[in-house]
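Structure assessment
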Amino acid sequence: MSERRRRTPNPGGDGQQPPGGGGRRGGPGGPGGPGPDELGSDGIGRRRPQGARETAQQPRMTRAEMRKVAQKKGKAGGGRRGEAAAAAAAAGPGKKRFIDYPRFGKTGVRRWLPSWKQWLSGFLLVFGCFVGLVFYLYETTEVPELNKLVQGQNTIYYWADGSEMTRKGQTNRQIVELQDISPNLQNAVIAAENQDFRTDSGIDPKGMLRAVYNMAKGGETQGASTITQQYVKNAYLSQEQTLSRKVKEFFITLKINQQKGKPEILKGYLNTSWFGRGANGAQAAAQAYYGVDAKDLNVCQSAMLAGLLKGAAYYDPTNPANKERAQGRWSWILDQMVKTKAITPDERAKCTAFPNPVLLKPSSNMNGEISYLVDTANKYVMASDKTITQQVIDRGGLKIYTTFEKDKVDALKKAVDDVKAENLNPQKRPDNDTNIQFGSASIRPSDGAIIALYGGDGVENGHFDNNADATGVQVGSTFKPFVLATAMQVGVQTAKGDDGKPKRINADSRYLADDLSEIRKPDGSLVIGDDGKPYRQKNEDSAKHGYVSLRQAMQYSYNVPFVQLNQDVGGQNVADMAVQMGVKKESLADPKTATFPLGTSTISPIRMATAYGTLAASGKESEPYSVTKVELNGVERPGFGKKDPKVALEPVVADNVTDVLVNVAAKGTGTKTKDLGRPVAGKTGTTDQNKSAWWVGYTPQLVTSVAMWREDPTKHERQSLNGTGGKESIHGGDIPTDVFTRYMKVALANEKKLDFPTPQPVGSEVDSSGAPSTATAAATPTMTDPPSAPAQTQQPTQPTQPLPPQPTPTCVPGVDCPGDTQPTHPPTKAPPTSTCVPLFGCSTQQPTPTGTTPPSGGGKPTGKPTQTPTGGTQGAAGQ
């Protein structure tokens, strides 16, 4: 309001005094006389202060003027704040505000604290808005018709070139009436999921609040608690766990519970629930698991199907890993059915044997390698986007674009099939050539794209497991490059650099390679086996090779040098390096065991290809991926495609390890790769009791792993490959390398021949304790001058490769002298020798008999001597 309107006009006119002589001092009518009363003309009450304007229409100060006065007086002194407040209060609030905030006449904190009236008003306002919002959302929430929700949709998979690979998801669904669903299944589902279903309101407030709380703190959310809520989630909403979806679920549940009866809700729930095996609904599930209609399910079968609703991926007994879990839940549901009086104890007693489902009947469009490609893509999608579950995939509506190249997939399958046809004859050798499994993965090291897989013989032949992603198969000596890479990058603890850190070594460092050598810890103490005796490591052969370079040890896959090197660098450091290069931590064996560097870990072919791809990419690790784009109901989902690589190894380290592995392919155990006609690097692997054989190799453009093993399909146990293909034993340089070479010829047919980077010097030569001086030792192999040797020796006790000259007789206490030869007669004690070794000091040593060896203990160290076996064991596996 303007000052003109706020102040009353002077009735005396311009330049005139108002009535009452307000401008004069003293009494009435003259100076010095007493002035009129402040509140009236009768003189009652107080006198007006001198200098004040003597008028009944004294103008009021504006609020801004009062605030300025209060601030000026507040600055003048703290003691005058009360006077300012009193003056402001005396002056009045001026024009009344609709909301008195900040509060007039209050000072300090109280000025900003709302009054109880304001608190109450605010609460009522918010509550009213909330009620209005709830009413609005309830009125505007529509419940779609069930038939609109179950229209058939496909999930479509595409090859890397954009052409369609396959589709799935539209046929295994059928809506039936409640009377066409066995009462046994109805009761089993109610007993397992919501025992108060027939009487509850359809909402579980505690469960919803718990889910909202978990979402708010970023934790895992919990599924809907009542059958009505689960029905709403299945039929009307997406499977994503978001607050907005929970709100929609709440209102739709309220409407469903009011509009539909319990039988109709139960019918809807049983017709839209996911039971696994691609089955949506009770009728599809009954056919998929037991080959019967839903109305014909018995009590035992119904309890098993009801258990799948908690999560078919975890309770489908078809997967051997789920069998025990599924049986436990099945038994619990039967007990709950007795508790809810759905069945009698006598009926429960009839379910003694678990009702195993029938064999899965795969769709014809999943034959060959397609099912394994789809399985790999689905796993990647679900891992990358937590809102997409197997149920979402089975319901359809997705377009999944993969990295798989059809011509490469066909070439890999043909390579495996041709090698199997040439080497295996199940009719002629049923005890040796049956149940032979292959698993393979081919990845581009530059970005991690998986371009081809071999997962097995095909679902049409009863093989459902994806061998390319198999776990449980030991990798053998293909693990040794991780040990060498660790030694080059981290260093050995037995020597210190100028900075006091472990000294980094190179491939020319020499380690003892004699069979049955004892292994020492970095402090010089012996590694003790499980039986309390010094642990001795054996090689594939029993020869005395003396001290050899790590390059030569990798070339011929000697075990002893790498078991000792693992002790020198630390098993945990090796494990960490393997993980950095792409191996999953959960697939690693215990790094504290002495045989850890010999490949007792069970790593999938996909992950072995990834780790070797890090070497091919000069130390850059790219996470493997199989999907480039995903669309859900026409909307692209974020988070798919190539990821940025990370540096796992120094380039100089990766290139030097590659140089060592080139030597393996050219002159060692992988010479079959010469037929490829281009530079190749790689490593063979053979494991305990010849239960698996590997080759992992690469060129600069492509890395491929090939694993071979034999497995009992009923027990899922690994069996020995000895005798397979009519051969005494199978090594990684044999059949697996053959598969690799045949496939890579086709896969790289249109690719240029590229050389690996020339390795720059790394580390220094650090020999293990007891190694002779360089002047008396044999020259170690180099990149341009490695020793020649056959790819594989059928008589390992008579090696044909040239051996380094025997060093001078210097012995490490507890380790055989390199000059000793294996006795041909029972061992006898020799006179004690007294030789001083600077690292361990002087001691007296008794020569150890070399005609004995410890037995293999499943990869565990042991010190119990037995007769040297002729077959390959974990301790002896070296190729």
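Residues numbered from 1 in each chain as written. Predicted model: local features only at pLDDT ≥ 70, side-chain atom pairs only at ≥ 80, totals over all residues. Heavy atoms only, no water.

**Some words on the overall build of the protein chain**
Looking only at helices and strands, one finds 25 helices and 25 strands in the protein chain. The buried share among the 879 residues of the protein chain stands at 49%. By sequence separation, contacts in the protein chain at least 24 residues apart represent 70% of the contacts at least 6 residues apart. Carbon and sulfur atoms make up 52% of the accessible area of the protein chain, which amounts to about 42,100 Å² in all. (Helix = DSSP H or I, 4+ residues; strand = E, 2+ residues; numbered from the N terminus. Buried < 20%, exposed > 50% of the residue type's maximum accessible area, 1.4 Å probe, protein only. Contact = heavy atoms within 4.5 Å. Areas by Shrake-Rupley, 256 points an atom, 1.4 Å probe, with all protein chains shown as cover.)

**Section: the packing of helix α19 (residues 480-489) against helix α24 (residues 651-667)**
Viewed as axis vectors pointing N to C, α19 and α24 meet at an angle of 140°, and their least axial separation amounts to 10 Å. Classified by the interaxial angle, the pair formed by α19 and α24 is oblique. The two elements α19 and α24 cross, and the hand of that crossing is right-handed. Together, Pro481, Leu484, Ala485, Met488 and Gln489 of α19 and Val653, Asn656, Val657, Val660 and Leu661 of α24 make up the contact between the two elements. (Axes fitted to C-alpha atoms, helices over the stretch in contact; angles between N-to-C directions. Parallel < 35°, antiparallel > 145°, perpendicular 65-115°, else oblique. Left-handed = near helix turned anticlockwise from the far one by under 90°.)

**Some remarks on α24**
Three or four residues apart is the spacing at which side chains of an α-helix point the same way, because the helix has 3.6 residues per turn. Helix length check: α24 (17 residues) gives 24 Å between terminal C-alpha atoms against 24 Å at 1.5 Å per residue, within 8%. With respect to burial, α24 is a largely interior element, 12 of its 17 residues being buried. For α24, every residue scored as buried is listed here: Val653, Ala654, Asp655, Asn656, Val657, Thr658, Asp659, Val660, Leu661, Asn663, Val664 and Ala665. Buried residues belonging to α24 abut α19, α20 (550-555), α23 (605-616), β18 (681-686) and β19 (692-698). (Expected span 1.5 Å × (residues − 1).)

**With respect to the pattern of salt bridges**
Counted by the stated rule, this structure contains 32 salt bridges. Here Asp469 makes a salt bridge to Lys379, at a shortest N to O gap of 3.2 Å. Of this pair, Asp469 sits in the loop between β7 (450-454) and α19 while Lys379 sits in helix α16 (residues 370-384), and the two are 90 residues apart along the sequence. You can call Asp469 partly exposed: its relative accessible area is 28%. (Salt bridge = Lys/Arg side-chain N within 4 Å of Asp/Glu carboxyl O.)

**Some words on the nonpolar core**
Core analysis: the biggest nonpolar cluster contains 116 residues, and Phe479, Phe482, Leu565, Leu661, Tyr698 and Tyr743 have the highest contact counts within it. Sequence-distant contacts of Tyr743, defined by excluding residues within four places in its chain, comprise Lys408, Ala411, Leu412, Ala415, Ser442, Ile451, Ala452, Leu702 and Thr704. Core analysis: the next-biggest nonpolar cluster, separate from the first, contains 51 residues, Ile181, Cys300, Ala303 and Trp330 among them. (Core = buried A, V, L, I, M, F, W, Y, C linked by side-chain atoms within 4.5 Å.)

**Quick word on the pairing of β19**
Where burial is concerned, most of β19 is hidden: 7 out of the 7 residues are buried. As defined by bridge partners, β18 adjoins β19 across 6 bridges and the pair is classed as antiparallel. Paired with Gly685 across the two strands is Trp694, which belongs to β19. The hairpin formed by β18 and β19 contains 5 residues between the paired strands, and Gln689 there has a positive phi angle of roughly 55°. Direction of pairing for β19 relative to strand β20 (residues 703-712): antiparallel, over a ladder of 7 bridges. Pairing of Gly697 across the sheet is with Thr704, part of β20. The hairpin turn running from β19 into β20, its antiparallel successor, is 4 residues long. (Pairing = 2+ DSSP bridges.)

**Observations concerning the environment of Asn356**
Summarising the element assignment, Asn356 is placed in the loop between α15 (345-349) and α16. Sequence-wise, Asn356 and Asp316 are 40 residues apart; in three dimensions their C-alpha atoms are separated by 10.0 Å. Setting aside residues up to four positions removed in sequence, Asn356 forms contacts with Tyr290 and Lys323. A distance of 3.2 Å separates the side chain of Asn356 from the side chain of Lys323, its partner in a polar contact. (Polar contact = N/O pair within 3.5 Å; in protein donor to acceptor, adjacent residues only side chain to side chain.)

**Here we look at the sheet that holds strand β1 (residues 155-158)**
Read from one edge of the open sheet, 5 strands run β2-β1-β5-β15-β16, paired in mixed fashion. Looking at which strands have only one partner, the edges of the open sheet turn out to be β2 (164-168) and β16 (635-636). Here 4 bridges tie β1 to β2, and the two strands are oriented antiparallel to one another. Bridge assignment links Tyr158 to a residue of β2, and that residue is Glu164. Across the sheet, α16 touches β1, β2, β5 (398-402) and β15 (627-632), and the angle it forms with β2 is around 75°.

**A look at the environment of Gly455**
Here Gly455 lies in the loop between β7 and α19. By relative accessible area, Gly455 is classed as buried at 0%. Sequence spacing of Gly455 and Ile370 is 85 residues, and the spatial spacing of their C-alpha atoms is 9.2 Å. Dropping the residues within four chain positions of it, Gly455 is found in contact with Glu369, Tyr372, Phe438, His463, Asp465, Asn466, Asn467 and Ala468.

**Observations regarding unusual backbone geometry**
Residues other than glycine predominantly adopt negative phi, and peptide bonds predominantly adopt the trans conformation. Positive phi outside glycine occurs at Lys341, with the angle close to 65°. Its place among the elements puts Lys341 in the loop between α14 (323-339) and α15. Owing to a relative accessible area of 74%, Lys341 belongs among the exposed residues under this scheme. One non-glycine residue, Ser618, lies in positive phi territory at about 55°. Within the element layout of this structure, Ser618 appears in the loop between α23 and β14 (620-621).

**Regarding the state of the cysteines**
Counted under the stated rule, the structure contains 1 disulfide. Across a sulfur-sulfur distance of 2.0 Å, Cys300 and Cys351 are joined as a disulfide pair. The sign of the -100° torsion about the S-S bond sets the Cys300-Cys351 disulfide as left-handed. On the criterion of sequence distance, the pair formed by Cys300 in helix α12 (residues 299-308) and Cys351 in the loop between α15 and α16 is long-range, its members being 51 residues apart. Judged by relative accessible area, which is 16%, Cys300 ranks as buried. Accessibility expressed as a relative area gives 4% for Cys351, which makes it buried. (Disulfide = S-S within 2.5 Å.)

**With respect to a nonpolar patch on the surface**
A contiguous nonpolar patch, built from Trp116, Leu120, Phe123, Leu124, Phe127, Phe130 and Val131 and spanning about 790 Å² of accessible area, is present on the exposed surface. Examined against the element boundaries, Phe123 turns out to sit in helix α4 (residues 116-140). (Patch = residues over 30% accessible without salt bridge, like charges linked within 9 Å, V, L, I, M, F, W, Y side chains within 5 Å.)

**A word on the packing of aromatic side chains**
Going through the model one piece at a time under the given rule, you end up with 11 aromatic pairs. A centroid spacing of 5.0 Å and a plane angle of 70° characterise the contact between Phe479 and Phe596, whose relative ring orientation is edge-to-face. One end of the pair, Phe479, is in the loop between β7 and α19; the other, Phe596, is in the loop between α22 (571-580) and α23, and 117 residues separate them in sequence. For the residue pair Phe479 and Phe596, the accessibility class agrees, reading buried in each case. Taken together, the ring pairs in this structure connect Phe479, Phe482, Phe596, Tyr612, Tyr698 and Phe756 into an aromatic cluster. (Phe/Tyr/Trp six-rings, centres within 6.5 Å; stacked < 30°, edge-to-face > 60°.)

**Brief notes about α12**
The buried fraction of α12 is high, at 10 of 10 residues. On the buried face of α12, the contacting elements are α6 (183-193), β3 (274-276), α11 (282-290), α13 (312-315) and α14. N-capping of α12 is provided by Asn298, with a side-chain oxygen placed 3.1 Å from the backbone N of Cys300.

**Observations regarding the packing of α6 against α14**
For the pair α6 and α14, the least separation of the axes is 9 Å and the interaxial angle reads 100°. In this view, α6 runs roughly perpendicular relative to α14, as classed from their interaxial angle. Residues Asn184, Asn187, Ala188, Ala191, Ala192 and Glu193 of α6 form the contact with α14, whose own contacting residues are Arg329, Trp332, Ile333, Gln336 and Met337. For the contact of α6 with α14, the residue count by class is 6 nonpolar, 3 polar and 2 charged. (Nonpolar A, V, L, I, M, F, W, Y, C, P; charged D, E, K, R; others polar.)

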